[in-house]
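# Residue-level structure breakdown
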Amino acid sequence: MNRRAIAARLAATRVTALDGESEGPLANIYRRWHADLVERLSARVAHLPASELYVARTANARSEMLTGASSPVIVHDQHLGRTLNRLTGYVVDDWPATRVHAWGFERVAVAAYAGGDFDACRLALALSQTMRGHDSPPEPEIPPGARQLISTIQEHFVLAHETAHTMLGTDALPRVKAALTEDVGAAFAASVATLDEFGEDIVSTAARDIAGAIGRLFGSGKIDEGRITALRESLSRPAGGVDESAWLDAHPHLYEEIACDLIATDLSLEFFAEHSTADEQTVLPAILMALHHLTSIEFLDVVASGREDLGEGTVQAAMIRKTAWRRLTRERRAGLGGLYVQVTDDHSEKVGDQVLFIVPTLWQQARDRLAGRPRTDAPADPSRLHQLLWSLADPR
Amino acid sequence: MVDPRTADVASITVEFVDGVPAGLDRLASEHPDEVTVMSASSFNAADPGTTEAVVVLTPVVLRALTVVVKAHLEARKSVRIKAKGAEITGVSGKDALKILAELSDEASE
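Residues numbered from 1 in each chain as written. Chains lettered and ligands numbered in written order. Predicted model: local features only at pLDDT ≥ 70, side-chain atom pairs only at ≥ 80, totals over all residues. Heavy atoms only, no water.

Helix and strand content of chain A: 14 helices and 3 strands. Counting across all 396 residues of chain A, residues that qualify as buried make up 51%. Of the roughly 17,400 Å² that chain A leaves accessible, carbon and sulfur atoms contribute 52%. (Helix = DSSP H or I, 4+ residues; strand = E, 2+ residues; numbered from the N terminus. Buried < 20%, exposed > 50% of the residue type's maximum accessible area, 1.4 Å probe, protein only. Areas by Shrake-Rupley, 256 points an atom, 1.4 Å probe, with all protein chains shown as cover.)

What follows concerns the interface of chain B and chain A. How big an interface is tends to be stated in terms of accessible area lost as the parts join. Taken together, the contact pairs 28 residues of chain B with 39 residues of chain A. When chain B packs against chain A, the two sides together hide about 2,700 Å² of surface, and 53% of this comes from carbon and sulfur. Along the contact surface separating chain B from chain A lie 1 salt bridge. With a closest N to O distance of 2.3 Å, A:Arg9 and B:Glu52 form a salt bridge. Elements represented by at least two residues in the side of chain B that touches chain A include exactly strand S1 (11-16), strand S2 (35-42), strand S3 (51-56), strand S4 (79-83) and strand S5 (86-87) of chain B. When residues in the side of chain B that touches chain A are grouped by element, the largest group, 7 residues, is from S2(B). In the side of chain B that touches chain A, the residues fall into 12 nonpolar, 9 polar and 7 charged. (Contact = heavy atoms within 4.5 Å. Buried area = accessible area lost by both parts, 1.4 Å probe. Salt bridge = Lys/Arg side-chain N within 4 Å of Asp/Glu carboxyl O. Nonpolar A, V, L, I, M, F, W, Y, C, P; charged D, E, K, R; others polar.)

On to the packing of aromatic side chains, then. How two aromatic rings sit relative to each other is given by the distance of their centres and the angle of their planes. Residue and element names in this part refer to chain A. Taken as a whole, this structure holds 7 aromatic pairs over all chains when the rule is applied. Ring plane angle 45° and centroid distance 6.3 Å describe the contact between Phe105 and Trp363, whose orientation is recorded as tilted. Note that Phe105 is positioned in helix H4 (residues 97-114) and Trp363 in helix H13 (residues 336-371), a separation of 258 residues in sequence. We note that Phe105, like Trp363, is buried. (Phe/Tyr/Trp six-rings, centres within 6.5 Å; stacked < 30°, edge-to-face > 60°.)

We now examine the packing of helix H10 (residues 253-275) of chain A against helix H11 (residues 280-305) of chain A. When two helices pack together, their arrangement is given by the angle between the helix axes and the distance between those axes. All names here are of chain A. Where H10 contacts H11, the axes come no closer than 10 Å and their chain directions differ by 140°. By the angle between their axes, H10 is oblique relative to H11. Considering how the two elements wind past one another, H10 and H11 form a crossing that is right-handed. Contact residues: Asp261, Thr265, Ser268, Leu269 and Phe272 in H10; Glu280, Val283, Leu284, Ile287 and Leu291 in H11. Considered class by class, the residues forming the contact of H10 with H11 number 6 nonpolar, 2 polar and 2 charged. (Axes fitted to C-alpha atoms, helices over the stretch in contact; angles between N-to-C directions. Parallel < 35°, antiparallel > 145°, perpendicular 65-115°, else oblique. Left-handed = near helix turned anticlockwise from the far one by under 90°.)

Residue and element names in this part refer to chain A. It is at 11 Å that the axes of helix H5 (residues 118-132) and H13 come closest, and there the two elements cross at 120°. On the basis of the axis angle, H5 is oblique to H13. Of the two elements, H5 crosses H13, and the hand of that crossing is right-handed. Note on element contacts: H13 touches H5 through Leu362, Trp363, Ala366, Arg367 and Leu370, opposite Ala120, Leu123, Ala124, Leu127 and Met131.

Moving on, we come to the pattern of salt bridges. Residues and elements named next belong to chain A. All chains considered together, the criterion is met by 26 salt bridges over all chains. Residue Arg321 is joined to Glu257 by a salt bridge in which the shortest nitrogen-to-oxygen separation is 4.0 Å. Separated by 64 residues along the polypeptide, Arg321 in helix H12 (residues 308-329) and Glu257 in helix H10 bring together distant segments of the chain. Side by side, Arg321 and Glu257 carry an identical accessibility label, which is buried.

Looking at chain A, pLDDT values average 82 and 80% of them are 70 or higher. Every residue in residues 213-223 of chain A is under pLDDT 50, and counting partners more than four places away or in other chains gives 19 contacts. (pLDDT = per-residue confidence, 0-100.)

Residue and element names in this part refer to chain A. With 5 of 5 residues buried, strand S3 (residues 73-77) is to be regarded as a mostly interior element. Sheet analysis places strand S1 (residues 52-56) next to S3, joined by 5 bridges and oriented parallel. The residue of S3 that forms the bridge with Tyr54 is Val75. Pairing analysis gives 3 bridges linking strand S2 (residues 64-67) to S3, with the strands arranged antiparallel. In the strand pairing of S3, Leu66 is matched with Val73. The loop that links S2 with its antiparallel partner S3 comprises 5 residues. (Pairing = 2+ DSSP bridges.)

So, on to the environment of A:Asp19. Inspection of the secondary structure puts A:Asp19 in the loop between helix H1 (3-13) and helix H2 (25-44). Measuring from C-alpha to C-alpha, the distance between A:Asp19 and A:Ile6 comes to 9.9 Å, with 13 residues separating the pair along the chain.

In this section: the side chain of A:His347. Residues and elements named next belong to chain A. You can see His347 is positioned in helix H13. On the basis of relative accessible area, His347 is assigned to the buried category, the value being 3%. If we skip the residues at most four places from it in the chain, His347 touches Val91, Met289, His292, His293, Ser296 and Gly352.

The next thing to look at is helix H6 (residues 144-168) of chain A. End to end, H6(A) covers 36 Å across 25 residues, agreeing with the expected 36 Å (1.5 Å per residue, within 8%). Of all 25 residues that make up H6(A), 19 are buried, and the element is covered over most of its length. (Expected span 1.5 Å × (residues − 1).)

This part takes up the nonpolar core. Ranked by internal contacts, the top residues of the largest apolar core, which has 95 residues, are A:Val108, A:Tyr113, A:Cys121, A:Trp325, A:Trp363 and A:Leu389. If near-sequence neighbours (up to four positions away) are discounted, A:Trp325 is found in contact with A:Asp261, A:Leu262, A:Thr265, A:Leu284, A:Ile287, A:Leu288, A:Leu291 and A:Tyr340. Listed in part, the 26 residues of the second largest apolar core include B:Ala28, B:Val37, B:Ala53 and B:Val69. (Core = buried A, V, L, I, M, F, W, Y, C linked by side-chain atoms within 4.5 Å.)

Residues and elements named next belong to chain B. In terms of burial, S1 is a largely internal element, 6 of the 6 residues being buried. Here S1 shows two buried faces, one formed by Ser11, Thr13 and Glu15 and the other by Ile12, Val14 and Phe16. Here 5 bridges tie S1 to S3, and the two strands are oriented antiparallel to one another. Counted as the bridge partner of Glu15 is Glu52 from S3. Bridge analysis of S1 against S4 gives 5 bridges, and the strand direction is antiparallel.

Put into structure tokens, the structure is as follows:
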């Protein structure tokens, strides 16, 4: 694909000031990873379709695959790597929740800008700035090298996932669905059995965590408890449980996503076994944390859109992917199930609940308060906002 | 008056919702330097990607693109136009064609 066309697309759809590919040591690492991934996949399948890599840097922090008349192009966003690193820091170094909110509102600002709502973008940036002033970053709880390893695994996994799509090709869905239906169905059946057994405990614990998080942050009376309850109820499972297999059948492209998650997991395990001391007990929990991070990122995009129907679909799609991934990888080694629970609990407490419940609630409250007021300020300036958002991805 | 959202725009994408319009591939083959048709799918998207035309702005290609977009809109389908990282909101029917005309005027200057 014409690289000039890719640059033109990014200029039109993303917040970036680059007029071409990102260069530098990190971009070169991604290129080496991509070449290595292609080599590993070529060893697995004959006639691997060609793919290209385009390293971008945009405030949108979004990796994607472009397909057209020629070979597919993976657009790998360098800022997504920084975002995963940042979120991992929030989880493992126990950052104050207000810093997570500050990040969350940055993300809402980018998504609001992308949707063309410049007033919302400006409001979200102001909220982010306010939140950032509440607390100081903590001293790292684990050595920086350990956190970097987790983030490196996560980024490698994302690139491996996209590369796996190129291996499957454009007409892969029927084959993938046929191959995965039985395994994924068994995974969901096990998941439902777990929920039947422990469902009440899980919901109670989540409710306690959320109430605790609100209490720590705001004290009493500063947050709309009714809205929290409504959000929690809208995201919890209805009586009888969601039929995940039926939901998956209604959204069949998720089969391919699950397949690519599993292929990417294999590729990342292989890579880090060769190039580091990281084994399954490090690589697999890091990947699960990445899947949780990506759910949070995606959910905030939906918050900015104001479409609650999309929110439920996004959470459901993410849950299905993660359920399938957990069930299909945990048998690799004893003890992984416990690690998965720990990663999920840590992520929920430090990032997930903040993103799912607190940020949307604060956002809605701020929007509601402004909605009735007469306007006294000048309209938001898109060019200025573009500069501010770009500074998030280009912090020089 | 020029809409500030379309000022200094060098390229746009037009995302075709509800199917790819007839004439899009022909447009790309007639203007290979200015129009590229591609589809994008994101790592974490809950929905599969849609087809879009990436357009490097010139007056000639904008006039040709307007014909394709108009036919798509007349078939009761919609488009999303993006420029400089943002969707140009409030775009439907006449608005879309107006914005393309405005961009075309700017590209002629």
